[in-house]
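Residue strings, one per chain:
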Amino acid sequence: MPDCIFCKMAAGDIKPDIVYEDEKVLAFHDIEPQAPVHVLLIPKRHIVNLNDLDDAELAGHLLQTAARVAAQLGVAESGYRTLMNSNRDGGQSVYHLHVHLLAGRRLAWPPG
Ligand code: 5GP
Ligand code: ZN
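Just so you know, these numbers come straight off a predicted model, no measurement behind them.

1. A closer look at the site of ligand 1
Item 1. In the vicinity of ligand 1, 17 residues are found, and the nearest of them are Asp30, Asn85, Ser93, Val94 and His100.
Item 2. His29 places a main-chain nitrogen or oxygen 2.9 Å from a nitrogen atom of ligand 1.
Item 3. Separating an oxygen atom of ligand 1 from a side-chain N or O atom of His98 is a distance of 2.9 Å.
Item 4. Contact with the protein chains removes 82% of the 520 Å² of surface that ligand 1 exposes when unbound.
Item 5. Sorting the residues of the shell around ligand 1 by element identifies helix H1 (5–11), strand E2 (25–29) and strand E3 (37–43) as the ones contributing at least two each.

So, in structure tokens, the structure goes:
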């Protein structure tokens, strides 16, 4: 998608602060972190959000990668939150599917 910022990152045209990359997914630090650790994991292929996620293997790979990145960043044992915002009421602002990985402080529940 030509105007999609996360597609540009996946293509290497924009270089985020990458923490993990393979042929299918990219993980990088959020530009506006909401916790001491705030990483976004995206499929390199453009998928708008969970409504359009049609690839179970990719879905599993994204989640397993989130766990691997949590371990890599040293927060697997202290704990972390993974979430996906979908569409308006979910609070989605970038319309390329991404998993948020948040950690490094006690996260409140329920969310606002
Ligand atoms: P959403 O609100 O769609 O669930 O999350 C989008 C996330 O993308 C936000 O946390 C926002 O800070 C992050 N973001 C938006 N633009 C950029 C960018 O150019 N670089 C990085 N690293 N993160 C971005
Ligand atoms: Zn995209």
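Next, the rest of the story.
2. Remarks on the coordination of the zinc ion (ligand 2)
Item 1. With distances of 2.0 to 2.3 Å, the protein atoms coordinating the zinc ion (ligand 2) are Cys4 (SG), Cys7 (SG), His46 (ND1) and His96 (ND1).
Item 2. Its four donor atoms give the zinc ion (ligand 2) angles of 104 to 116° at the centre, a pattern that matches the tetrahedral case.
Item 3. Binding-site remark: the zinc ion (ligand 2) is held by donors from one chain whose sequence spacing is C-x2-C-x38-H-x49-H. Of this pair, Cys4 sits in the segment before H1 while His96 sits in the loop between helix H3 (87–90) and strand E5 (99–103), placing them 92 residues apart in sequence.
Item 4. Overall, the relative accessible area of 9% leaves Cys4 in the buried class.

3. Description of the packing of aromatic side chains
Item 1. Counted under the stated rule, the structure contains one aromatic pair.
Item 2. Taken together, a centroid distance of 5.5 Å and an interplanar angle of 75° make the contact between Phe6 and Phe28 edge-to-face. Remark: Phe28 occurs in strand E2 and Phe6 occurs in helix H1; sequence separation between them is 22 residues. Each member of the pair Phe6 and Phe28 is classed as buried.

4. Some details on unusual backbone geometry
A negative phi holds for most residues other than glycine; trans holds for most peptide bonds.
Item 1. A cis amide bond, omega 5°, links Trp109 with the succeeding residue Pro110.
Item 2. The residue Pro110 is located in the segment after E5 in this model.
Item 3. Even without glycine at this site, Asn87 takes up a positive phi of about 60°.
Item 4. Tracing the backbone shows Asn87 in helix H3.
Item 5. On the accessibility criterion, Asn87 (33% relative accessible area) is partly exposed.

What counts and how
- Residues numbered from 1 in each chain as written.
- Chains lettered and ligands numbered in written order.
- Predicted model: local features only at pLDDT ≥ 70, side-chain atom pairs only at ≥ 80, totals over all residues.
- Heavy atoms only, no water.
- Near = heavy atom within 4 Å.
- Polar contact = N/O pair within 3.5 Å; in protein donor to acceptor, adjacent residues only side chain to side chain.
- Areas by Shrake-Rupley, 256 points an atom, 1.4 Å probe, with all protein chains shown as cover.
- Helix = DSSP H or I, 4+ residues; strand = E, 2+ residues; numbered from the N terminus.
- Donors = N, O, S within 2.8 Å, 3.2 Å for Na, K, Ca; no water.
- Tetrahedral: all angles 85-135°; square planar, octahedral: opposite > 155°, others 65-115°.
- Buried < 20%, exposed > 50% of the residue type's maximum accessible area, 1.4 Å probe, protein only.
- Phe/Tyr/Trp six-rings, centres within 6.5 Å; stacked < 30°, edge-to-face > 60°.

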